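Each chain, letter by letter, is given below.
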Amino acid sequence: MDANVRELSYAQAIQEAMAIAMETDERVFLMGEDIGVYGGAFQVTGDLVHRFGEDRVMDTPISELGGAGVAVGAAVTGMRPIFEFQFSDFATLAMEQIVNQAAKMRYMLGGNVSVPLVMRFPAGSGTGAAAQHSQSLEAWLAHVPGLKVLQPSTPHDAKGMLLAAVADPDPVMIFEHKLLYKMKGPVPEGYYTVPIGKSETRRHGRDLTIVANSIMVHKSLDAAAQLAEEGIDVEVIDLRSLRPMDIPAIIDSVKKTSRLLCVYEGVKTLGIGAEISAAIVESEAFDYLDAPVMRLGGAESPLPYNPELEKAAVPQVPDIVAAARKLVRKEA
Amino acid sequence: MAQSTTDTTAASARAANLPDIYRRLSTDDLREALRKMHLIRRFEESAEESYMRGLIHGTMHLSIGQEASAVGICAPLTDADYITSTHRGHGHCIGKGAEVKKMLAEFFGKEDGYCRGRGGSMHIADVSKGNLGANGIVGGGIPIAVGAALSIKKQGKNSVVVSFFGDGANNEGAFHEALNMASVWKLPVIFVCENNGYGMSTSTKRSTAVPNIADRASAYAMPGVIVDGNNFGAVAAASFEACDRARRGEGPTLIESKTYRIRGHSRSDRNRYRTKEEIEAWQARDPIGIFEKELTEMGLITPEEISKVRAEVETEIAEGLEFAKASPAPSPDDVTRYVYTD
């Protein structure tokens, strides 16, 4: 490991990115519920209020719609707000400002404004918080032109993508899986960015392409390790960016492996996998396919409370292993 | 509109014991206000006519009858101040200093329009004058105005933000959340509810629990002021006071400007929810007529000068229409242009 690379948790990496952004650009400030002395519901802002003060680490009232609108208004008038939703589920209260205002303002005004706004969404299941605190709604926002939607899966990317988002002139929505916050990984010191719109191939293989997002990248890598023992050589692409989506990288991979499995936690129907599948079927990679394209996604239900039900509602490593076997060996 | 206190005519008005507002505005300012009110009226009528003739598609929401409210509120504002506006936003746009030719070009869907033909009537905006835009979502602009006021405070500027909205918006959650935050953070924002009596067809009596929308200010610990929205002087006076307070760092004000839209809600309105008598009673309180009478009685304008203002406005509208017709349409190849910053 390089001297300037440390092991940090995903949450620490995000916090470091926000600190660097505020140190280097006085326009940057944080807004959100309980992000000050409380440190954020998931301790992502942590002690930043003590370093930067309450004016730059602003606790808002519990007013998601109004707070999101304030962030939009600040962004179009010269500031660079980073807005934290306490849970991504609460963004449903702010959809008006995100979808009708932030995403469309530049277009509606004929390019006369930009909306340099970053919003952070703690998302996903696995915490026993049940149906209103566990959703993966990233596909909702990825459906809206005008937004950029990111899902970093590692501490390295969480920091670099947040810094890229702050530097971006348009509204960038970052979905952070809550189970990743404590995950540790190598993070370089100082300023760097991870480009928006580029996937990352986490494992190279010949037999099957798995495209996964967020925490599903890690589950897919675990599955790939098991499958390697059986002689199935899996390529795992970390999607990282839903809008824009790195379709060319997936096409290249499928042309090599001839098989595609999409793995995502959001509800399967009308989800990210449908978009990836369609893009591949529409592309020159279609002629290379040796098996049907397959999706593993979240159950067609709200997220349940019971831990066994909760696990059953999202793809798990054995599900990915079974799907891969089916595609590669045509097992039933 | 520029302010001046050194004007001799204003001094004579002061001597005549006239309302305070005439001490804050010079004769030129007052005549400019009258010109803008005429410009809004003729703009709305011309837009309506162009719509009837099939030159403008979509829909539009006309503010005929609300001219004093738009121009009076904008009287203390400079280009360094912001506004957010509503679906009924043509008057606000002109009040904040927009050029009618670029507004008309926008309505015609042309490249020379303020939004390059991408926004139309409901998103009309002149950002160069601090107008952050009309809005198709009732109450959508109110939190954005609070955000602009937060920027002003963070940037240490002396500007203010005016958020226009209608009586319908005061029942949206965004209104309540925004007023609360503006008050908690003591931001330089003026909330202006143009109460024209109806949210589309539903009267304020049938939709709103308080008799006056200004009453809601007390819930957010800010002054709530009711003004006659058809009286330019009354509106301007309230706006000056609220802007002064905001610039002093004392926080927001809610102004309820009671007025009336003479036309229907939009082009689809069949006027089934109000009477002809009610409309005629408000037409008798025409804000332009009231203002002209006041200025004439004060000796600040002559009938000949009023005729000249009307003629100038007529020319400006006619030239604007020609400009709009002649402007090129956007290319279909550019449909995704301006979604993201290049």
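Predicted model only: the values in this text are computed from it and were never measured.

Participant: What is the right way to read the overall build of chain A from this model?
Facilitator: The secondary structure content of chain A amounts to 12 helices and 14 strands. For chain A, the C-alpha radius of gyration of 20 Å lies close to 20 Å, the compact-globule estimate for 332 residues. With respect to the three principal axes, the spread of C-alpha positions in chain A is 60 × 45 × 45 Å. Residues classed as buried in chain A amount to 63% of the 332 residues present. For chain A, restricting intrachain contacts to residue pairs at least 6 apart in sequence, the fraction spanning at least 24 positions comes to 82%. A total of about 12,500 Å² of accessible surface is found on chain A, and carbon and sulfur atoms cover 53% of it. When the 30 positive and 43 negative side-chain charges of chain A are each reduced to one mean point, those points stand 4 Å apart.

Participant: Can you help me understand the overall build of chain B in this one?
Facilitator: Within chain B one finds 13 helices and seven strands. Over its C-alpha atoms chain B spans a radius of gyration of 19 Å, differing by no more than 12% from the 20 Å that the globule rule assigns to 342 residues. Its C-alpha atoms put chain B at 60 × 50 × 45 Å along the principal axes. When contacts within chain B are restricted to residue pairs at least 6 apart in sequence, long-range pairs at least 24 apart make up 72% of them. About 13,500 Å² of surface is accessible on chain B, with carbon and sulfur atoms providing 50% of the total. Measuring between centres, the 41 positive side-chain charges of chain B sit 3 Å from its 45 negative side-chain charges.

Participant: Mind showing me how you'd approach the environment of Y181 of chain A here?
Facilitator: Residue and element names in this part refer to chain A. Mapped onto the secondary structure, Y181 falls in the loop between strand 7 (172-177) and strand 8 (184-188). With a relative accessible area of 4%, Y181 lands in the buried category. Distance from Y181 to F42, taken between C-alpha atoms, is 7.7 Å for residues 139 residues apart in sequence. The residues contacting Y181, other than those within four sequence positions of it, are S9, Y10, A11, I14, F42, V44, R120, P122 and E176.

Participant: Before we go on, may I ask you to explain the pairing of strand 13 (residues 260-267) of chain A in this structure?
Facilitator: Successive residues of a regular strand alternate their side chains across the two faces of the sheet. Residue and element names in this part refer to chain A. Counting buried residues along strand 13, seven of its eight residues qualify, which places the element largely inside the surrounding structure. Note: strand 10 (residues 208-212) against strand 13, four bridges, orientation parallel. Looking at strand 13, one finds that V211 is bridged to C262. In terms of strand pairing, strand 13 meets strand 14 (residues 294-298) through four bridges, oriented parallel. Within the sheet, the bridge partner assigned to L261 lies in strand 14 and is M294. Note that the unit made of strand 13, helix 10 (residues 272-281) and strand 14 has a crossover that is right-handed.

Participant: Please explain the sheet that holds strand 13 of chain A as it appears in this structure.
Facilitator: Residue and element names in this part refer to chain A. Read from one edge to the other, the open sheet built from five strands follows the order 9-11-10-13-14, with strand pairing classed as mixed. In this open sheet, the two edge strands, each paired with only one partner strand, are strand 9 (200-203) and strand 14. Averaged over neighbouring strand pairs, the angle between their axes works out to 25° when direction is ignored.

Participant: It is not clear to me how the interface of chain B and chain A should be interpreted in this structure. Could you clarify?
Facilitator: By convention, interface size is frequently given as the accessible area that disappears when the constituent parts associate. Counting from both sides, the interface comprises 35 residues of chain B and, opposite them, 44 residues of chain A. Across the chain B/chain A interface, buried area totals approximately 3,100 Å², and carbon plus sulfur atoms make up 63% of it. A per-residue breakdown of the area chain B buries against chain A is headed by K154, Y340 and T341 of chain B, which together make up 20% of the total. On the surface where chain B and chain A come into contact, there are zero salt bridges. Counting across the chain B and chain A interface gives 17 residue pairs in polar contact (both at pLDDT 80 or more). Sorting the residues of the side of chain B that touches chain A by element identifies helix 7 (141-154) and helix 8 (173-184) of chain B as the ones contributing at least two each. Tallied by class, the residues present in the side of chain B that touches chain A amount to 19 nonpolar, 10 polar and six charged.

Participant: I'm lost on the pairing of strand 7 (residues 253-258) of chain B in this one. Help?
Facilitator: Residue and element names in this part refer to chain B. Most of strand 7 sits out of view: five of its six residues are buried. Two strands pair when backbone bridges link them, and strand 3 (residues 189-195) and strand 7 are joined in this way by six bridges, in the parallel orientation. Note that in strand 7 the partner of N195 across the bridge is K258. Regarding the hand of the β-α-β motif, the stretch spanning strand 6 (residues 224-228), helix 10 (residues 232-247) and strand 7 is right-handed.

Participant: How do you make sense of the nonpolar core when you look at a structure like this?
Facilitator: A general tendency of soluble globular proteins is for nonpolar side chains to be buried together. The biggest cluster of nonpolar side chains holds 82 residues, and the ones touching the most others in it are I98, L141 and I250 of chain A together with F191 of chain B. Take this core: its biggest share by element is eight residues, from helix 7 of chain B. For F191 of chain B, the residues in contact, after removing those within four places along its chain, are I142, V146, S163, F165, A178, L179, A182, M222, P252, T253, L254 and I255 of chain B. Listed in part, the 62 residues of the second largest apolar core include A19, L48, L162 and L327 of chain A.

Participant: Whenever I open this one, the packing of aromatic side chains confuses me. Can you help?
Facilitator: By convention here, two paired aromatic rings are described through the distance between centres and the angle between planes. The full count for this structure, using the stated rule, is 12 aromatic pairs over all chains. Centre to centre, the rings of F121 of chain A and F175 of chain A are 4.5 Å apart; their planes meet at 5°, and the pair counts as stacked. With F121 of chain A in strand 5 (residues 118-123) and F175 of chain A in strand 7, this pair connects stretches of sequence that are 54 residues apart. Given a relative accessible area of 2%, F175 of chain A falls into the buried group. Taken together through their ring pairs, the aromatic side chains of Y10, F42, F87, F90 and Y181 of chain A make up a single cluster. A cation sits over an aromatic face here: K101 of chain B above F323 of chain B, 4.8 Å from the ring centre. A cation sits over an aromatic face here: K154 of chain B above F29 of chain A, 4.3 Å from the ring centre.

Calculation criteria
Residues numbered from 1 in each chain as written. Chains lettered and ligands numbered in written order. Predicted model: local features only at pLDDT ≥ 70, side-chain atom pairs only at ≥ 80, totals over all residues. Heavy atoms only, no water. Helix = DSSP H or I, 4+ residues; strand = E, 2+ residues; numbered from the N terminus. Rg over C-alpha atoms; globule rule 2.2 N^0.38 Å. Buried < 20%, exposed > 50% of the residue type's maximum accessible area, 1.4 Å probe, protein only. Contact = heavy atoms within 4.5 Å. Areas by Shrake-Rupley, 256 points an atom, 1.4 Å probe, with all protein chains shown as cover. Lys, Arg positive; Asp, Glu negative; His and termini not counted. Charge placed at Lys NZ, Arg CZ, Asp CG, Glu CD. Pairing = 2+ DSSP bridges. Right-handed = clockwise from strand over helix to strand, strands pointing away. Axes fitted to C-alpha atoms, helices over the stretch in contact; angles between N-to-C directions. Buried area = accessible area lost by both parts, 1.4 Å probe. Salt bridge = Lys/Arg side-chain N within 4 Å of Asp/Glu carboxyl O. Polar contact = N/O pair within 3.5 Å; in protein donor to acceptor, adjacent residues only side chain to side chain. Nonpolar A, V, L, I, M, F, W, Y, C, P; charged D, E, K, R; others polar. Core = buried A, V, L, I, M, F, W, Y, C linked by side-chain atoms within 4.5 Å. Phe/Tyr/Trp six-rings, centres within 6.5 Å; stacked < 30°, edge-to-face > 60°. Lys NZ or Arg CZ within 6 Å of the ring centre and 35° of its normal.

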